[in-house]
Amino acid sequence: MRRLRSISGMSALALALGALALSTTSAGATDAARPGPAVVQNDLVVWRPGNGTWYRLTGAGSGSVAWGAAGDAPVGGDFTGDGRSDYTVWRPSNGVWYVKNRVSGVTSATQWGLAGDVPEPADFTADGRDDYTVWRPSNGVWYVKNSVNGATAATQWGVAGDVPAAEDVDGDGAADYVVWRPSNGVWYVKNSQTGVTRSVQWGVAGDVPVPGDYTGDGRGDFAVWRPSNGTWYVQDSVSGATSATQWGTPGDVPVGGDFTDDGRADYTVWRPSNGVWYVRNSVTGASSATQWGVSGDVPVSFR
């Protein structure tokens, strides 16, 4: 549900910016001038299936890194424990996770998962690193491999047709097993540490779940974006307070993340038709529009 399609119909401006990304500073050089793990703000990042290249735009500049191949699934996650997302793709054909540290350039390859699985990396072990995680629609099982020590776990949670949406709902520092069920709009949560479960009805068929902390309380909230009217519906996972904010149009791709560096997820969509990122601060309502990417790219939530 978070993937894009073809590369046809790109605008002249988008083509120019794509060329610029290929010729500017490398991502590693861009990072060298930035702070370390304290950085939490999302960058504008797209992955281009046609050439397997990541294009990244930050406040310090832009860069591009070739990593991946057509057919791969790009995923955002910090597997190396430096507080920053790594360039990572999961390859359905062999179930291998290919990780490239964006600062040091060190690479690794870890087999975990099978064709048909859905990659859903998150920190399930509360060690400050995302784990190699796939959710298997055929049996509803979450398979987690600790990215530090290689320990594995398998937890059944969800059924075929669900959408995995891992996030830390209870604020204990570990991601929880979370699925959203389009057929009834219910979020099913299972605490990854205690096994305690809960369910919350929020959303309707056709919505796109976009988990994140929109309220700044350190816990993931229940959030969906509705393509039919471009509205974000958020329910605070603690208080149950709700909000509805119109931001985006049919055809956009919602992207989760904190793009304004205030510790809260923002309302963000990427528009394939023009490659523009539209960001609306979830607290102040301030908005911005930045062209980055071309039709056919895949936007990635990337810190």
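Residues numbered from 1 in each chain as written. Predicted model: local features only at pLDDT ≥ 70, side-chain atom pairs only at ≥ 80, totals over all residues. Heavy atoms only, no water.

Further remarks concern the overall build of the chain. A tally of helices and strands in the chain yields two helices and 24 strands. For the chain, buried positions account for 54% of its 303 residues. Contacts spanning at least 24 positions in sequence make up 40% of the contacts within the chain whose residues lie at least 6 apart. For the chain, the computed accessible surface area is about 11,800 Å², with 54% contributed by carbon and sulfur atoms. (Helix = DSSP H or I, 4+ residues; strand = E, 2+ residues; numbered from the N terminus. Buried < 20%, exposed > 50% of the residue type's maximum accessible area, 1.4 Å probe, protein only. Contact = heavy atoms within 4.5 Å. Areas by Shrake-Rupley, 256 points an atom, 1.4 Å probe, with all protein chains shown as cover.)

Scanning all chains against the criterion turns up eight salt bridges. In this structure, aspartate 43 engages arginine 102 in a salt bridge whose closest nitrogen and oxygen atoms are separated by 4.0 Å. One end of the pair, aspartate 43, is in the loop between helix H2 (27-32) and strand E1 (44-48); the other, arginine 102, is in the loop between strand E6 (96-100) and strand E7 (107-111), with 59 residues separating them in the sequence. Of the two residues, aspartate 43 and arginine 102, neither departs from the other in class, the shared state being buried. One salt bridge connects arginine 226 with aspartate 207, and the closest N-O pair in it is separated by 2.7 Å. Of this pair, arginine 226 sits in strand E17 (residues 222-226) while aspartate 207 sits in the loop between strand E15 (197-201) and strand E16 (208-209), and the two are 19 residues apart along the sequence. Overall, the relative accessible area of 18% leaves arginine 226 in the buried class. Classification of aspartate 207 as buried rests on a relative accessible area of 2%. What you see here is one network of salt bridges that share partners, running through Asp43, Arg56 and Arg102. (Salt bridge = Lys/Arg side-chain N within 4 Å of Asp/Glu carboxyl O.)

Strand order in the open sheet formed by four strands is E12-E13-E14-E15, with antiparallel pairing between adjacent strands. In this open sheet, the two strands that pair with only one neighbour each are strand E12 (163-164) and E15. The pairing of E12 with strand E13 (residues 177-181) spans two bridges and is classified as antiparallel. Residue proline 164 lies in a different strand from E13, and its bridge partner there is valine 179. (Pairing = 2+ DSSP bridges.)

Counting across every chain of the model gives 14 aromatic pairs. Taken together, a centroid distance of 5.0 Å and an interplanar angle of 20 degrees make the contact between phenylalanine 124 and tyrosine 177 stacked. Pair noted here: phenylalanine 124 is in the loop between strand E8 (118-119) and strand E9 (132-136) and tyrosine 177 is in strand E13, with a separation of 53 residues, a long-range link. Judged by relative accessible area, which is 3%, phenylalanine 124 ranks as buried. Tyrosine 177 sits in the buried class, given a relative accessible area of 6%. (Phe/Tyr/Trp six-rings, centres within 6.5 Å; stacked < 30°, edge-to-face > 60°.)

Moving on to the pairing of E1. A large share of E1 lies buried, amounting to five of its five residues. Of the two faces of E1, the one lined by Leu44, Val46 and Arg48 and the one lined by Val45 and Trp47 are each fully buried. Inspection of the sheet shows E1 paired to strand E2 (residues 53-58) by five bridges, in the antiparallel sense. For valine 46, the partnering residue across the bridge sits in E2 and is tyrosine 55. Counted along the chain from E1 to the antiparallel partner E2, the turn is four residues long, and its residue glycine 52 has a positive phi close to 65 degrees. Here two bridges tie E1 to strand E24 (residues 298-299), and the two strands are oriented antiparallel to one another. Across the sheet, residue valine 46 finds its bridge partner in E24, namely proline 299.

A word on the environment of serine 237. Mapped onto the secondary structure, serine 237 falls in the loop between strand E18 (231-235) and strand E19 (242-246). Looking at serine 237, the relative accessible area reads 5%, which means it is buried. A C-alpha to C-alpha distance of 9.1 Å links serine 237 and aspartate 213, two positions 24 residues apart in sequence. Contact partners of serine 237, with chain neighbours within four places excluded, come to Val169, Arg198, Arg219, Gly220, Asp221 and Phe222.

A word on the environment of tryptophan 180. Here tryptophan 180 shows up in strand E13. If sequence neighbours within four positions are ignored, tryptophan 180 has contacts with Asp162, Val163, Gly185, Val186, Trp187, Trp202, Gly203, Val204, Asp207, Pro209 and Val224. From its side chain, tryptophan 180 meets the backbone oxygen of glycine 185 in a polar contact 3.4 Å long. Separated by 3.0 Å, the side chain of tryptophan 180 and the backbone oxygen of tryptophan 202 make a polar contact. (Polar contact = N/O pair within 3.5 Å; in protein donor to acceptor, adjacent residues only side chain to side chain.)

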